[in-house]
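Commentary on secondary and tertiary structure
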Amino acid sequence: MRRKITEAHLLLIITFAMYMGYQWLMQWVPPPDVFFLIIGQVMLIFPGALWMLIRYRKNRPQLSERMLFTPISNANIKMAVAVIISAYPVVVILNRFSMFFVKNQVMEVMPYMMRMGYFPMLFVMAVMPAFNEEFLCRGILYGAYRQRAKTTGIWLSALAFGLFHLNFNQMLYAVYLGIVLALMVEATGSIYTSMLMHFLLNGFNVTMNFMANQRLIADASVNQQQVTESVSQTLSDVPIQQLVTMAGVLTIFIFLNGILIYSTFRMNGRSLQNDGEKGRVIDGWIVIFVIITVILTYMNTDFL
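Just so it is clear, the structure is predicted and the values come from calculations on it, not from any experiment.

Observations regarding the overall build of the chain
When its secondary structure is counted, the chain shows 13 helices and 0 strands. For the chain, the proportion of contacts with a sequence separation of at least 24, taken over those separated by at least 6, is 84%. Element-wise, carbon and sulfur atoms account for 67% of the exposed surface of the chain, whose accessible area totals about 15,200 Å².

Below, the structure is given as structure tokens:
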């Protein structure tokens, strides 16, 4: 059992190293097109996919159990949609809280993404991350953790998910989202649940940003950079006096989120109790990953 934890952490580090190496090489490439962005996303899944082919080539049922590749029912799909809808206001508010201290990192890349068009943008920012990031964080990582310590595994996989974004702006809401997604994977017994939820959230954001961008271009004769700056300013222009109101709304939606997730557990007769051997899921490899990514996150964040 301990071997599976070590394998998961080594895969995380190898994947991260490959991804960062690719991003470093891309510094000398003009503004990325769809092909280069797709290759970057493939880096997130390649080591894990290769590992699966080698380790589970003769035992597909064990792979499905390990990664939770099981179908989801219509009832669970409805609950997943309800949970991600109730989580969306929390994500937005946490994002705005972070923008009191750091710049909106997503808006920095929007000028390049918008030039690709809606469907390529949707594919790169919603379809691929929903599969690749869930495969790594909820499949490989949480799939190993849950066999020893489900609760700790949820928090640790969410932390890894947040740190993988390498900026404090996205990390804050990504950690919360990682907790929600891991809970729903456990509540439904399927990683397809988190993939669906991840796609719905990212797809909605892509659609709204694209529509806002098109509307601003139609309403004013400004260049792409001015449009992006305008959208970014609108998102970050939150008066300090609204903090209390935001905190109240945040509390309400977190509570609603919790009720819906708890209902999903009850509906499926599942719990966070470990059925097998219990044990630690933290080792030296994950500590190294956290230290490195915290340093890189600090270096990569634009503080106000």
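Examining the packing of helix α7 (residues 118-145) against helix α8 (residues 150-163)
At a closest axis distance of 9 Å, the pairing of α7 and α8 adopts a crossing angle of 150°. The orientation of α7 relative to α8 falls into the category roughly antiparallel. The two elements α7 and α8 meet at a crossing, and its hand is right-handed. The residues of α8 that touch α7, namely those facing E133, C137, R138, L141, Y142 and Y145, are K150, G153, I154, L156, S157, A160 and F161.

Quick notes on the nonpolar core
Judged by nonpolar contacts, the single largest core of 67 residues is most densely connected at L12, I140, Y145, F164 and M197. Here this core gets 12 residues from one element, more than from any other, and that element is helix α9 (residues 168-188). In this view, F164 contacts L12, T15, F16, Y19, L44, L136 and F289; residues no more than four positions away in its chain are not counted. Judged by nonpolar contacts, the second largest core, of 12 residues, contains M113, M114, M121 and A126.

Some details on unusual backbone geometry
One non-glycine residue, L68, lies in the positive phi region at around 60°. For L68, a relative accessible area of 8% corresponds to the buried category. Of note, the phi angle at L166 is positive, near 60°, even though the residue is not glycine. For L166, the location among the structural elements is in the loop between α8 and α9.

Points about α7
Remark: the principal bend of α7, roughly 45°, maps to P129. α7 sits mainly inside the fold: 22 of its 28 residues count as buried.

Side note on the pattern of salt bridges
On inspection of all chains with the given rule, the structure shows 6 salt bridges. Salt bridges linked by common partners bring R146, K150, E186 and R270 together as one network.

What counts, and at which threshold
- Residues numbered from 1 in each chain as written.
- Predicted model: local features only at pLDDT ≥ 70, side-chain atom pairs only at ≥ 80, totals over all residues.
- Heavy atoms only, no water.
- Helix = DSSP H or I, 4+ residues; strand = E, 2+ residues; numbered from the N terminus.
- Contact = heavy atoms within 4.5 Å.
- Areas by Shrake-Rupley, 256 points an atom, 1.4 Å probe, with all protein chains shown as cover.
- Axes fitted to C-alpha atoms, helices over the stretch in contact; angles between N-to-C directions.
- Parallel < 35°, antiparallel > 145°, perpendicular 65-115°, else oblique.
- Left-handed = near helix turned anticlockwise from the far one by under 90°.
- Core = buried A, V, L, I, M, F, W, Y, C linked by side-chain atoms within 4.5 Å.
- Buried < 20%, exposed > 50% of the residue type's maximum accessible area, 1.4 Å probe, protein only.
- Bend = angle between axes of the 7 residues up to and from the residue.
- Salt bridge = Lys/Arg side-chain N within 4 Å of Asp/Glu carboxyl O.

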